[in-house]
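Reading the structure
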Amino acid sequence: MEAISRGSRDAFAVLFDRTAGAIGAELTARLADPEQRVPILAATYVEVWWLAGCRSGAESDVTQWIRRILDRRIVDARRTMGRHVEREPQPGRAELELAGLLGRPVDRFWPV
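Residues numbered from 1 in each chain as written. Predicted model: local features only at pLDDT ≥ 70, side-chain atom pairs only at ≥ 80, totals over all residues. Heavy atoms only, no water.

**Comments concerning the overall build of the protein**
Selection rule: Helix and strand definitions here come from DSSP, where helices need a minimum of 4 consecutive H or I residues and strands a minimum of 2 consecutive E residues; each element is numbered from the N-terminal end. Remark: exposure states derive from per-residue accessible area (1.4 Å probe, protein chains only) relative to the maximum for the residue type, with buried under 20%, exposed over 50%, and partly exposed in between. Residues are treated as being in contact if the distance between any of their heavy atoms lies within 4.5 Å. The Shrake-Rupley method, run with a 1.4 Å probe sphere, supplies the accessible areas, and residue values consider only the shown protein chains as cover.
On a plain count of helices and strands, the protein comes out with five helices and zero strands. Counted from the first residue to the last, the protein has its helices and strands arranged as α-α-α-α-α. Within the protein, the fraction of its 112 residues that count as buried is 36%. The contacts in the protein between residues at least 6 apart in sequence include a share of 74% that link residues at least 24 apart. Summing over all exposed atoms, the protein offers an accessible surface of approximately 6,500 Å²; the carbon and sulfur share of this is 52%.

Written out as structure tokens, the structure is:
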């Protein structure tokens with residue numbers, strides 16, 4: 001997390017690769033709408049990138065910290081589900097930002 005807070009995209013990619021499978025599986029289990037999963041996963045990790053320097057605690061707590069961010073994002077998504085608007089086929093801002101941070105194509109970061 002220290003390296004990420006200093007702007008290391010390589011460290012961020014390692015963190016993503018180590019945690020996105022578990023975070024993505026949890027998201028899939030908790031959110032029925034598959035069209036909301038990718039933007040929520042992307043927004044969760046973009047938030048991790050931006051808040052890395054604010055996080056305190058042991059390195060072993062990182063996945064739990066990411067889960068708390070995910071929890072909040074899922075709650076927010078459920079609040080707006082009644083107002084669901086059809087998603088355009090183009091990726092959203094968070095998806096594009098995450099792809100840029102990871103240096104990967106947009107369609108290659110969904111872990112599940």
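**Quick look at the packing of aromatic side chains**
Quick note on the threshold: Pairing of aromatic rings covers Phe, Tyr and Trp, the last through its six-membered ring, and needs centres within 6.5 Å; plane angles under 30 degrees mean stacked, over 60 mean edge-to-face, and all others mean tilted.
A complete count under the given rule lists two aromatic pairs for this structure. Consider the rings of F12 and W49, whose centres lie 5.4 Å apart with planes at 75°: the pair is edge-to-face. Separated by 37 residues along the polypeptide, F12 in helix α2 (residues 9-30) and W49 in helix α3 (residues 34-51) bring together distant segments of the chain. Here F12 matches W49 in class, with each residue buried.

**Points about the environment of I69**
Within the secondary structure, I69 is located in helix α4 (residues 62-80). With relative accessibility at 5%, the residue I69 sits in the buried group. Once the C-alpha coordinates of I69 and T44 are considered, the two residues, 25 residues apart in sequence, prove to be 6.2 Å apart. When residues no more than four places from it in sequence are discounted, the contact partners of I69 are T44, E47 and V48.

**Focus: helix α5 (residues 93-102)**
As a reminder, the rule being used: By definition, the arc is the one covered by directions from the helix axis to the C-beta atoms.
Restricting attention to buried positions, one finds in α5 the residues E95, L98, A99, L101 and L102. For α5, the buried positions fall inside an angular range of 160° around the axis, keeping them on one side. Where α5 is buried, its residues touch α2 and α3. A positive backbone phi angle near 65° is found at G103, which sits one or two residues after α5.

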